[in-house]
Amino acid sequence: MSVIVKNLVLKFGDATAIDNLNMEIGDGEFAVILGPSGSGKTSFLRCLAGLLNYDSGEIEINGKSMNGVYPSDRNVAMVFQNYALYPHMTIYDNIALNLRMKGLEKSVIDMKVNDVSKVLGIDQLLKRRPREISGGQAQRVGLARAMVRDPAVYLMDEPLSNLDAKFREEMREELKRFHKITGKTIVYVTHDQTEAMSLADRIVVMDQGRKIQEGSPKTLYDNPEHAFVAGFVGTPPMNIFRMGTSGESGNFYELEEAESGTSFGIELSGKKDSRKILAGIRPSDLTLDPEGQLELILESTEFLGPTLNSYVRIGTSRISVAVPRTQHNEELLMNGKPGSKLRFRIAPDRIYLFDESSGERLSVSVRDVRTLPKKATEIPVE
Ligand SMILES: Nc1ncnc2c1ncn2[C@@H]1O[C@H](COP(=O)(O)OP(=O)(O)OP(=O)(O)O)[C@@H](O)[C@H]1O
Ligand SMILES: [Mg+2]
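Computed from a predicted structure; not experimentally measured.

**With respect to the overall build of the protein**
Now for step 1: Each helix and strand counted, the protein has nine helices and 21 strands in total.
Now for step 2: Viewed in the frame of its principal axes, the protein has a C-alpha envelope of about 80 × 50 × 35 Å.
Now for step 3: For the protein, buried positions account for 38% of its 382 residues.
Now for step 4: Here the analysis covers contacts within the protein between residues at least 6 apart in sequence; of these, 65% occur between residues at least 24 apart.

**What about the environment of Glu29?**
Now for step 1: Residue placement: Glu29 occurs in the loop between β2 (15–25) and β3 (30–34).
Now for step 2: Note on Glu29: 18 C-beta atoms within 10 Å, which makes it partly exposed.

**Structural notes on the site of ligand 1**
Now for step 1: Taken together, Phe12, Ala17, Gly35, Ser37, Gly38, Ser39, Gly40, Lys41, Thr42, Ser43, Gln81 and His191 make up all the residues around ligand 1.
Now for step 2: Top contributing element to the shell around ligand 1 by residue count: helix α1 (residues 41–49), with three residues.
Now for step 3: Here the shell around ligand 1 is composed, by residue class, of two nonpolar, nine polar and one charged.

**Things to note about the sheet that holds strand β4 (residues 56–61)**
Now for step 1: Across the sheet, four strands lie side by side as β2-β1-β4-β5; this open sheet has antiparallel pairing. Of all the strands in the sheet, just β2 and β5 (64–65) have a single pairing partner and so form its edges.
Now for step 2: Sheet analysis places strand β1 (residues 3–12) next to β2, joined by eight bridges and oriented antiparallel. Looking at the pairing, Leu10 lines up with Ile18 of β2.

**So, the domain arrangement of the protein**
Now for step 1: The domains assigned to the protein are domain 1 (3–225) and domain 2 (239–378).
Now for step 2: Placing the centre of domain 1 and that of domain 2 at their C-alpha centroids yields a distance of 39 Å.

**Digging into helix α4 (residues 135–147)**
Now for step 1: Here α4 contains 13 residues, and its C-alpha end-to-end distance of 18 Å stays within 8% of the 18 Å for a straight helix at 1.5 Å per residue.
Now for step 2: Burial runs high along α4: 11 of the 13 residues are buried.
Now for step 3: Check the buried side of α4 and you find it contacts β6 (76–79), α2 (91–101), α3 (106–119), β7 (153–157) and α5 (165–182).

**Details of α5**
Now for step 1: Taking 1.5 Å of rise per residue, the 18 residues of α5 would be expected to cover 26 Å, and the 26 Å separating its terminal C-alpha atoms lies within 8% of that figure.
Now for step 2: Phi turns positive, to about 65°, at Gly183, one or two residues after α5.

Conventions used here
- Residues numbered from 1 in each chain as written.
- Chains lettered and ligands numbered in written order.
- Predicted model: local features only at pLDDT ≥ 70, side-chain atom pairs only at ≥ 80, totals over all residues.
- Helix = DSSP H or I, 4+ residues; strand = E, 2+ residues; numbered from the N terminus.
- Buried ≥ 20, exposed ≤ 12 C-beta atoms within 10 Å, placed from the backbone.
- Contact = placed C-beta atoms within 7 Å.
- Near = placed C-beta within 6 Å.
- Nonpolar A, V, L, I, M, F, W, Y, C, P; charged D, E, K, R; others polar.
- Pairing = 2+ DSSP bridges.
- Domains from an automatic or database assignment.
- Expected span 1.5 Å × (residues − 1).

Here it is, written out as structure tokens:
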């Protein structure tokens, strides 16, 4: 069933938790709402479930307005961020509760509860009570309670956040399988971009109650329309530099730094009016190359198996780079002394540009990149 949200506004006193949100989630879509803590994700799900009264706007589920419809009449199953299990009931009864209320036969309930518990690895816990299980287990019980139901829409609020890394990956696969089998609409909330990328048909990125951009994981990664999305989607995160222009020409920008030292500059293909812009470089777009344009200083390297993640510096700016593990790269980055100079290449067309004040993507492209020996005030203006 589809979910349509029009001009949704939710306020807590003076603070706006949801700021004119518009969204269309198609029937059978796996939509992931991605945003940092406090961006309004839980509030949004609670509005969809009918647990919060919003100030204005409209929510439609399956073409029907939900304004004034009770939570129990909305036919949604929600997985709560804080689990919300009934402490006096066994795990079995917590999972079975909604099925009993629907009047299903005991044998059917038994089958459903047992099946989902096996899939989620909680079948050994059914006789216990919530206080006798771990946080990760409680989270899976919350998930099970929703998964046994047959609602129009599943609403899931960070359902995997408390699981360890390996188990989380397994559960992601289970959720994808579950989605494929049921074909149901899922609205899934997370602050974890890796989770969003791996699960979503479509990601909606939120910040401070506003929708910043929506699109497929690939679109958001390849074409972030906003510096916030660029910095949020992708791991390690994109390096974002503040660049200022000093010359009259308006097409040469230099790294802004508090202290003097080596810097770098970019030449744009066209003139820009803004005095300051943001330049974004993905860590994986920097490659070690003795002929590269950028001279960077090695700080440290993390060994991650197939990838080496290094921190390097230019002036006082820290840059993260991610290079494949090869003997050559390992020699330079793992065995290289901190403080040693390394040259990196960046293809100018891999640099993303954003307006500093609005954060919006600029249409102009980069023509050239070069290391600058001195501060901008001292280099000759072109
Ligand atoms: N009942 C409430 N009263 C007042 N303010 C609230 C209430 N619930 C949430 N807020 C505020 O609304 C904003 C959005 O909160 P919300 O819980 O929706 O964020 P979130 O994106 O789910 O964050 P997290 O990732 O930490 O769960 C926050 O600034 C929060 O402090
Ligand atoms: Mg939340």
